[in-house]
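# Residue-level structural notes
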Amino acid sequence: MGHIRTDIAIDAPPAAVWVRLADIADHVSWMADAAAIRFTGERRSGVGTTFECDTRVGPLRTTDVMEVTEWQEGQALGVRHTGLVTGTGRFVVAAEPGTAGRTRLTWDEDLAFPWWLGGPAGAFVARPLLRAVWRRNLRRFAALVTTDAGTAPA
């Protein structure tokens, strides 16, 4: 599929962004394409956490099988997708340069589709749709974090 990147500036400090992002079970509250998350091991955070995510994008329904492969406290969360759709994803939390109490959250994904979903051609077609879904997800995430941090616009 290639690489998809999207990001957003959030009016909240990096620590507040990380707290919400690190709560993997809560991702269903802001990811429109994530219907349910079920942990498949004892861990709920950190490297080695495994879970299944019931995913829906348009008519496509699948269970995304994931494992946390990177956990830099307060900074980065990376996953490997090993289900029907394979690849990697990574969130990076960083202070927004030149601002006080503002954060840049970046979301990168590299995904591959199975042949029956069109393989590379299907992924090429899906790329703009997925980028749009993930941008909306980040806007929802930012709204939740700013509300949590008490920085939501009046």
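Predicted model only: the values in this text are computed from it and were never measured. (Residues numbered from 1 in each chain as written. Predicted model: local features only at pLDDT ≥ 70, side-chain atom pairs only at ≥ 80, totals over all residues. Heavy atoms only, no water.)

### Examining the nonpolar core
- Counting 37 residues, the largest nonpolar core has I10, L21, W30, F91, L105 and F141 as its most contacted members.
- The element best represented in this core is helix α2 (residues 119-148), accounting for 9 residues.
- Once residues within four sequence positions are removed from consideration, I10 is found in contact with V17, G101, R102, T103, L105, F141, A142, V145 and T146. (Core = buried A, V, L, I, M, F, W, Y, C linked by side-chain atoms within 4.5 Å. Buried < 20%, exposed > 50% of the residue type's maximum accessible area, 1.4 Å probe, protein only. Helix = DSSP H or I, 4+ residues; strand = E, 2+ residues; numbered from the N terminus. Contact = heavy atoms within 4.5 Å.)

### Details of the sheet that holds strand β6 (residues 86-95)
- Taken together, 7 strands build an open sheet; the order of strands is β1-β7-β6-β5-β4-β3-β2 and the sheet is antiparallel. Either end of the sheet is taken by a strand with one partner, and the two such strands are β1 (3-10) and β2 (34-39). Averaged over all pairs of adjacent strands, the angle between their axes in this sheet comes to 20 degrees, without regard to strand direction.
- Of the strand pairs in this sheet, β6 and strand β7 (residues 103-112) are connected by 10 bridges, and their pairing is antiparallel. (Pairing = 2+ DSSP bridges. Axes fitted to C-alpha atoms, helices over the stretch in contact; angles between N-to-C directions.)

### Digging into α2
- Its 30 residues give α2 an end-to-end C-alpha distance of 40 Å, which sits within 8% of 44 Å, the value for a rise of 1.5 Å per residue.
- At A126, α2 is bent by approximately 40 degrees, the largest bend along its length, and proline P128 sits one to four residues beyond.
- Taken from the residues just after α2, G150 is the one with a positive phi, measuring 75 degrees. (Expected span 1.5 Å × (residues − 1). Bend = angle between axes of the 7 residues up to and from the residue.)

### A few points about the side chain of T106
- Here T106 shows up in strand β7.
- With relative accessibility at 13%, the residue T106 sits in the buried group.
- Not counting residues up to four positions away in its chain, the partners in contact with T106 are R5, T6, D7, R90, F91 and V92.

### As for the packing of aromatic side chains
- A full pass over the atoms with the stated rule returns 7 aromatic pairs.
- When the centroid spacing of 4.8 Å and the interplanar angle of 35 degrees are considered together, the rings of F91 and W107 count as tilted. Linking F91 in strand β6 with W107 in strand β7, this pair joins segments that are 16 residues apart in sequence. Residues F91 and W107 agree in their burial class; the two are buried.
- Clustering of aromatic rings is evident, with ring pairs tying together W30, F91, W107, W134 and F141. (Phe/Tyr/Trp six-rings, centres within 6.5 Å; stacked < 30°, edge-to-face > 60°.)

### Considerations on a positive patch on the surface
- Where like charges cluster on the molecular surface, the positive patch consists of R135, R136, R139 and R140.
- As for its position among the elements, R139 is in helix α2. (Patch = residues over 30% accessible without salt bridge, like charges linked within 9 Å, V, L, I, M, F, W, Y side chains within 5 Å. Areas by Shrake-Rupley, 256 points an atom, 1.4 Å probe, with all protein chains shown as cover. Salt bridge = Lys/Arg side-chain N within 4 Å of Asp/Glu carboxyl O. Lys, Arg positive; Asp, Glu negative; His and termini not counted. Charge placed at Lys NZ, Arg CZ, Asp CG, Glu CD.)

### Concerning the environment of F39
- Structurally, the position occupied by F39 is in strand β2.
- Residues in contact with F39, not counting those within four places in the same chain, are I24, A25, R44, T49, T50 and F51.

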